[in-house]
Amino acid sequence: MEILIISGLSGGGKSKAASFLEDSGFYIVDNMPAAMILKFAEFCAGGGGRYARVALVYDVRTAESFSELFDVLDKLKGMEGVCRMLFLEASPAAIIKRYKETRRRHPLEKETDSLEEAVEKERELMLPVKQRADFIIDTTRLSTAKLRSELLHIFNGEEEQAGMTVSVTSFGFKHGLPLEADLVLDVRFMPNPFYIEELRHQTGLDKPVSDYVFSFQQTRDFLLKVEDLLRFTLPLYAEEGKTGLVVAVGCTGGHHRSVAIAHALTEFIREQGYQAAEHHRDMERAV
């Protein structure tokens, strides 16, 4: 079992971090008091693997005594499994700016005379927690995409591209465009196997059809150009935090040319280290 304590400064990015970690397979519990963490961990340990990865958000609102938290951490680290703490922070100026933009109140603002004083007070209060953290991330200059990438790298051991799934789908233009498509490639310029009797009732996944489609120089040249485009753009999509990209390849009916090209592109994308799913929307329709 893996237990992660997410702590840090208010406005430092704990909520976003929790959301990203939830997408990565962590079971998230927000604002759990230290007194309850150990019992919850014991409950998860007996869950038969259902709660294999748990992240507990702990902040100044639930803190009565940090010594209680530290005692719990020491006990958790002695249990079977992994227990670590992530601490998120940002500069006072960045935190103040974030609170101004969201128009939310800082949890310590009622106890102080200003937002600036509340931010500074919390920074001092949370210093002992920061010193116990296994990972410290300063989000001052991190975009949402960069924060996600950093968390993915630390806790999943993955690079940015591994967190983005690319879905490649073939389709027939006569049946309409896929509404979810991010990139649409039109391969109707290629010679059509439909007009060859022995190929008409096969699909682009069948070797005779695929061999026919790729027997033409324009097909091979097109594929090289698209591969070059994807080689350039996929890392940029991943860097911007895109978690899913849909590449749609269309021909007239969605049986032959688009299927063969979509299949080849899926193999190429996987070779680049991305998760890729292959779909053929119209392949089973009547010819």
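Before any of the text, the structure's been laid out above.
Since we're looking at a predicted model, the values are computed, not measured.

(A) Up close: the sheet that holds strand E6 (residues 165-172). If you trace the four strands from one edge of the open sheet to the other, you get E7-E8-E6-E9, paired in parallel fashion. Lying at the two open borders of the sheet, with one neighbouring strand each, are strand E7 (183-186) and strand E9 (275-280). Here the average twist between neighbouring strands, direction ignored, is 20°. Note that E6 and E9 share six bridges and pair parallel. Pairing of Ser167 across the sheet is with Ala277, part of E9. The strands touched by helix H10 (residues 217-239) are E6, E7 and strand E8 (244-251); relative to E7, the strand with the most contacts, the crossing angle is about 180°.

(B) Unusual backbone geometry, seen in detail. Phi is positive for Asn31, close to 55°, though the residue is something other than glycine. As for its position among the elements, Asn31 is in the loop between strand E2 (27-29) and helix H2 (34-45).

(C) Fine view of helix H11 (residues 257-271). Here H11 is 15 residues long and its end C-alpha atoms lie 22 Å apart, about the 21 Å a rise of 1.5 Å per residue gives. Taking burial as the measure, the 15 residues of H11 include eleven buried ones, the bulk of the element. For H11, every residue scored as buried is listed here: Arg257, Ser258, Val259, Ala260, Ile261, Ala262, Ala264, Leu265, Thr266, Phe268 and Ile269. The inward-facing, buried residues of H11 abut E6, E7, helix H9 (207-213), H10, E8 and E9. Positive backbone phi, approximately 95°, marks Gly273, located one or two places after H11.

(D) Highlighting the pattern of salt bridges. A full pass over the atoms with the stated rule returns 13 salt bridges. Look at the salt bridges and you will find they share partners, linking Glu2, Arg53 and Arg84 into a network.

Parameters and conventions
Residues numbered from 1 in each chain as written. Predicted model: local features only at pLDDT ≥ 70, side-chain atom pairs only at ≥ 80, totals over all residues. Heavy atoms only, no water. Pairing = 2+ DSSP bridges. Helix = DSSP H or I, 4+ residues; strand = E, 2+ residues; numbered from the N terminus. Axes fitted to C-alpha atoms, helices over the stretch in contact; angles between N-to-C directions. Contact = heavy atoms within 4.5 Å. Expected span 1.5 Å × (residues − 1). Buried < 20%, exposed > 50% of the residue type's maximum accessible area, 1.4 Å probe, protein only. Salt bridge = Lys/Arg side-chain N within 4 Å of Asp/Glu carboxyl O.

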